[in-house]
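Summary of structural features
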Amino acid sequence: MTVKGALFDFSGTLLRIEPTGRWLRAVLDARGVSVPPDDFARYAALLEEAGALPGGAPPRRVPPRLAELWATRDVSAERHRAAYTGLARQVALPDDGLYDALYERHMTPAAWRPYPDAAEVLGELRRRGVAVAVVSNIGWDLRPVFRAHGLDRWVDAYVLSYEHGIQKPDPRLFALACEAIGHDPCDVLMVGDSRPADGGAAELGCAVHFVDHLPADERPAGLRPVLRLVG
């Protein structure tokens, strides 16, 4: 196989969201809300259990009233926000404004950290003439995050589920990405961290490579095998 194009997932593949405690602390500090240390630890643990941080741990249990919304959360910005704020509202926080503020925080560049080898791998793909697209199940525009972290220069196209009303593993989303970079799926490699979602590219004919969904410090070189696969 000659790889002419590479598709990358966003969260857990190229960048990683901040830990739940840091996410909560940033919002509390920004809003001037002070809570005792024991309460803070309890809120953070409950929010993580609820799966309220997009890109973080999945919910241990999705309430029946949110089940349908959760299953299709990435097809629109409205559904994405409603799903995650709905999960967060299972936790009784001290300020009702915190739920939307937490959601807003996760969309900021400061909440995300590139994996240590992301710039190296994307830059090398550009040097080799391999076109790159980011294909993400998401409910908001991640382009400012890529620009802020200096990764946008190596991305040729962004194909985001909420902009098309299609979410992975639907092969139509991967087809749009292949079209955007101008290559046949048989010449394209999909790189992601979710077998159920990113594996959908195989149905289209793409090769697929998986990376581990780990904190950035624990995966310093997880993307480098992509360069060997590209050749």
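All of the points below concern the structure found in this document. (Residues numbered from 1 in each chain as written. Predicted model: local features only at pLDDT ≥ 70, side-chain atom pairs only at ≥ 80, totals over all residues. Heavy atoms only, no water.)

1. Quick word on the overall build of the protein
- Within the protein one finds 12 helices and seven strands.
- Computed over the C-alpha atoms, the radius of gyration of the protein is 18 Å, within 12% of the 17 Å expected from 2.2 N^0.38 for a compact globule of 231 residues.
- Dimensions along the principal axes, computed over C-alpha positions, put the protein at roughly 55 × 35 × 25 Å.
- A total of 231 residues make up the protein; the buried ones form 50% of that total.
- Counting only carbon and sulfur atoms, one obtains 51% of the accessible surface of the protein, whose full area is about 10200 Å². (Helix = DSSP H or I, 4+ residues; strand = E, 2+ residues; numbered from the N terminus. Rg over C-alpha atoms; globule rule 2.2 N^0.38 Å. Buried < 20%, exposed > 50% of the residue type's maximum accessible area, 1.4 Å probe, protein only. Areas by Shrake-Rupley, 256 points an atom, 1.4 Å probe, with all protein chains shown as cover.)

2. Some points on unusual backbone geometry
- Put simply, Lys168 and Pro169 share a cis peptide bond, and its omega is 15°.
- Among the secondary structure elements, Pro169 is positioned in the loop between helix 8 (161-164) and helix 9 (171-181).

3. Concerning the pattern of salt bridges
- Across all of its chains, the model carries 19 salt bridges by this definition.
- Notably, a salt bridge pairs Lys168 with Asp9, separated by 3.0 Å at the nearest N-O pair. A residue pair is termed long-range when its members are at least 10 positions apart, and Lys168 in the loop between helix 8 and helix 9 and Asp9 in the loop between strand 1 (5-8) and strand 2 (15-17) qualify at 159 residues. The same class applies to Lys168 as to Asp9, namely buried.
- Lys168 is the salt-bridge partner of Asp198, the closest N and O atoms lying 2.7 Å from each other. With Asp198 in helix 10 (residues 195-198) and Lys168 in the loop between helix 8 and helix 9, the pair connects residues that are 30 residues apart, well separated along the chain. Each member of the pair, Asp198 together with Lys168, is buried.
- One network of salt bridges, in which partners are shared, links Asp9, Lys168 and Asp198. (Salt bridge = Lys/Arg side-chain N within 4 Å of Asp/Glu carboxyl O.)

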